[in-house]
Amino acid sequence: MGRYLTRRVLQFIPVFLGATLLIFIMVWIIPGDPIRALAGDRAMPESVRAALTEEYNLDKPAWQQYWLYISGVFQGDFGTDFRGRPVSELMGQRIPITARLAILAFGFEVIIGIAAGIVAGVRKGNYLDNLVLTSTLVVIAIPIFVLGFLAQLLLGVQFPIFPVAGIREGWFSYLLPALVLGSVSLAYIARLTRAALVENLRADYVRTATSKGLSRLRVVGVHTLRNSMIPVVTFLAIDLGALMGGAIITETIFNIPGIGRAVFEGVQRQEGTVVVGIVTFLVFIYLIANLVVDVLYAVLDPRIRYE
Amino acid sequence: MTQVPLQTRDLVAGKPAVPGAPLLSVENIHVEFRLDFGTVKAVNGLTYHVNERETVAILGESGSGKSVSAQAVMGIIDSPPGFVTDGSVKFRGVELLTMAEKERRQVRGERIAMIFQDALTALNPVFTVGWQIGEMFREHHGSTKKEGLDAAVELMDRVKIPLARDRVNSYPHEFSGGMRQRVMIAMALALDPDVLIADEPTTALDVTVQAQIMQLLSDLQEETGMGLILITHDLGVVAEVADRVVVMYAGDSVEKGEISDVYHNPAHPYTMGLMDSMPRHDVQKDRLNPIKGSPPDLMAIPAGCAFNPRCPYAQDICRVEKPHLHELGEAGRVSACHFVEEVRDARNRSGSRL
């Protein structure tokens, strides 16, 4: 296991280099001059434009730009955005906000999603099962911006239980956006859990557990659930990355200044340093989440061994 | 092995046992599966009993209802879609079918235990064998984890798993097929049950291991005096260990009797067909005679005798009237055939008999 982990962590290095290079190229090939765009409709004096272009190394060939950026990163310098603010400072501000949102959404998914899946799967075909199946289908079918505005309208305006937008009320103001953000994945988790449970409840070892005289609770909770968690854990790990990066719509609807919006604005302004910095961070979240899943597989199922 | 005091053996889930009653008796049991596309009548009126120290073999081909009837005895039929619609299952004279689930659980595993065909899938892949055996003690006797593991080692020794102490923390996939079946047996015997139901215990094993497992089961039965119900389609296995045999066809018994009687003088065309389709070292034969046709569709069991479409001796009455089990001369010998005498005579004349 130790050797396996070392190998996996070492694989992070090429992935890091490849990811940063790819993102860098993608930002670089966006047409238009980002410096000129900074001035908006007004004309920018040519001397200012030239000075800024040089400051951000935009006059150099792409490979040099990348080299300058990456060597800076290895010295702990993630560059600055066009306002002269260090990108590391921007990330330091934005990441905790998005992390809070993602953790809450993740919590909703795990707790409500798995619980709903168990309730539905244990008695396949009864009314609770049908309720879960129908409601998850509805949630999956509705686009997230509709869900977001609906939630805002109902629980923020009509019945003002939650703040409509913003993050001034601490953790509490994250609850509604997190529920919206996690809703679709929550529905998938419920369905995955249900399907795995239904499948495993037919397994021979479940029949054995019943014939040992164990209670239904123990047969399901101990003997079936652990075997049913592998697909769910896989989905959850990939979703953790998606939650961190894919919150642009939710962050916009609820006016939450997280990294989703930072990246979106960075792309609009062609701020290579901002986009590469944040996306590389997200790539690492994915890598680590995947590693955790692979380790969890071995914990959940002893037949899986890594050498 | 902790011996349960005798007086508690006289209680079945808190109810007094009936003195003199058979250890386990199954009467006229009916099981059906109500599926979307129709009702499958898996067991249709099976009746048998087992006494202490006795081995009863339930013999039949796939789909004859032998496994389902055992699951009905255990009370582990998936419901829905499975339902026990009629009949009675009595353990030491106490009815099990009407018992509350909570009481039934005290019988299941503790008084009547069951082992299954494929021990690889029947054991939970994610728990160690020691944990799974120990669970019997933890759940039924409230033992601690340590006590459960110690008891598991003792049991694994008893079913002759080498190096039990070292292997108690291994997972099922780390054992060979034969050893896994020994683990199943150890788990089933954990609480010293009165009845052990073995559902095709050797079918998934190779021949030498089969013999070892059957030997182990009969040794353990000798030791504990339990009643053994052996479900199998393997006539060879039955011949060696069973005292009595129940031959099943389409969910009901067609013939019952002492093993040697049934073997040497079958009294039902189906049993005769089974015997003729098996190579035997005690009978010289040029070729085997399989039973023609295939087992009946349990959603549409033929009227009259269920075997009539495949029976070489079938007459008009066989297609109309279901034959009931009737006694033959020998002890405990019954057959459900309208023409027992004629069929036996014909068989004897043709010389297929030993």
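Just so it is clear, the model here is predicted, and its values are computed rather than measured.

Here is what the cut-offs are and how they apply
- Residues numbered from 1 in each chain as written.
- Chains lettered and ligands numbered in written order.
- Predicted model: local features only at pLDDT ≥ 70, side-chain atom pairs only at ≥ 80, totals over all residues.
- Heavy atoms only, no water.
- Contact = heavy atoms within 4.5 Å.
- Buried area = accessible area lost by both parts, 1.4 Å probe.
- Salt bridge = Lys/Arg side-chain N within 4 Å of Asp/Glu carboxyl O.
- Pairing = 2+ DSSP bridges.
- Helix = DSSP H or I, 4+ residues; strand = E, 2+ residues; numbered from the N terminus.
- Phe/Tyr/Trp six-rings, centres within 6.5 Å; stacked < 30°, edge-to-face > 60°.
- Buried < 20%, exposed > 50% of the residue type's maximum accessible area, 1.4 Å probe, protein only.
- Lys NZ or Arg CZ within 6 Å of the ring centre and 35° of its normal.
- Axes fitted to C-alpha atoms, helices over the stretch in contact; angles between N-to-C directions.
- Domains from an automatic or database assignment.
- Polar contact = N/O pair within 3.5 Å; in protein donor to acceptor, adjacent residues only side chain to side chain.
- Nonpolar A, V, L, I, M, F, W, Y, C, P; charged D, E, K, R; others polar.

Participant: What is the right way to look at the interface of chain A and chain B in this model?
Facilitator: Size of an interface: often given as the accessible area lost when the parts come together. Every contact between the two is made by 19 residues of chain A and, on the other side, 26 residues of chain B. Here chain A meets chain B over a buried area of about 2,200 Å², counting both sides, of which 57% is carbon and sulfur. On the chain A side of the interface with chain B, the three residues burying the most area are Arg207(A), Ser211(A) and Lys212(A), jointly 28% of the side's total. Viewed at the interface, chain B and chain A are joined by three salt bridges. Put simply, Arg218(A) and Glu135(B) hold a salt bridge, and the shortest N to O gap is 2.7 Å.

Participant: Explain the sheet that holds strand 12 (residues 252-258) of chain B here, please?
Facilitator: Strand pairing in a sheet relies on backbone hydrogen bonds. The paired strands run either parallel or antiparallel. All names here are of chain B. Strand order in the open sheet made by the eight strands is 8-9-10-5-11-12-14-13, with mixed pairing throughout. In this open sheet, the two edge strands, each paired with only one partner strand, are strand 8 (112-115) and strand 13 (326-327). Bridge count for strand 9 (residues 195-199) against strand 10 (residues 227-232) is five bridges, and the pairing is parallel. The residue of strand 10 that forms the bridge with alanine 198 is leucine 230.

Participant: Teacher, can you tell me more about the packing of aromatic side chains here?
Facilitator: The description of two aromatic rings rests on the distance between their centres and on the angle between their planes. Summed over all chains, the structure comprises twelve aromatic pairs over all chains. Judged by centre distance (4.1 Å) and plane angle (15°), the ring pair of Phe127(B) and Trp131(B) falls under stacked. Aromatic side chains Tyr270(B) and Phe307(B) sit 5.3 Å apart centroid to centroid with 70° between the ring planes, which places their arrangement in the edge-to-face category. With a gap of 37 residues between them, Tyr270(B) in helix 12 (residues 269-276) and Phe307(B) in the loop between helix 12 and strand 13 connect regions that are remote in the sequence. With relative accessibility at 0%, the residue Tyr270(B) sits in the buried group. Here a set of aromatic residues connected by ring pairs shows up, and it is made of Phe12(A), Phe16(A), Phe74(A) and Phe284(A). We note Arg34(B) situated over the ring of Phe83(B); from NZ or CZ to the ring centre the distance is 4.2 Å.

Participant: Looking at this structure, how should I read the pairing of strand 5 (residues 55-59) of chain B?
Facilitator: For a regular strand, side chains alternate in direction, first toward one face of the sheet and then toward the other. Residue and element names in this part refer to chain B. When you tally the buried positions in strand 5, you get five out of five residues, the bulk of the element. Every second residue of strand 5 is oriented toward a common face, with Thr55, Ala57 and Leu59 on one face and Val56 and Ile58 on the other, all of them buried. Pairing between strand 5 and strand 10: five bridges, direction parallel. From the neighbouring strand, threonine 55 faces strand 10, where its bridge partner is leucine 228. Taken together, the four bridges between strand 5 and strand 11 (residues 244-249) define a ladder with parallel strand orientation. Within strand 11, the position partnered with leucine 59 by the bridge is valine 247.

Participant: When you look at the sheet that holds strand 4 (residues 38-50) of chain B in this model, what are you seeing that I'm missing?
Facilitator: Residue and element names in this part refer to chain B. Ordered by their spatial adjacency, four strands build an open sheet running 4-3-6-7, and the pairing between neighbours is antiparallel. Only two strands of the sheet have a single neighbouring strand rather than two, namely strand 4 and strand 7 (94-95). Bridge analysis of strand 3 (residues 24-35) against strand 6 (residues 82-91) gives eight bridges, and the strand direction is antiparallel. Its bridge partner lying in strand 6, serine 25 is registered against lysine 90. In this fold helix 2 (residues 66-74) packs onto strand 3, strand 4 and strand 6, with an angle of close to 110° to the strand it touches most, strand 3.

Participant: Which parts of the structure should I look at to understand the domain arrangement of chain B?
Facilitator: Residues and elements named next belong to chain B. Domain boundaries in chain B define domain 1 (6-242) and domain 2 (247-350). Placing the centre of domain 1 and that of domain 2 at their C-alpha centroids yields a distance of 28 Å. Between domain 1 and domain 2, the contact holds 27 residues from the first and 20 residues from the second. Overall, the association of domain 1 and domain 2 removes approximately 1,800 Å² of surface from exposure, summing both partners, and the carbon and sulfur fraction of that is 60%. Counting across the interface, domain 1 meets domain 2 through one salt bridge. Here arginine 310 ties to glutamate 61 by a salt bridge, and the two come within 3.2 Å at their closest N and O atoms. Linking domain 1 with domain 2 are nine residue pairs in polar contact (both at pLDDT 80 or more). At the level of secondary structure, the elements contributing two or more residues to the side of domain 1 that touches domain 2 comprise strand 4, strand 5, helix 2 and helix 10 (235-241). The element that contributes the greatest number of residues to the side of domain 1 that touches domain 2 is strand 4, accounting for eleven residues. Of the residues that constitute the side of domain 1 that touches domain 2, the class distribution is twelve nonpolar, twelve polar and three charged.

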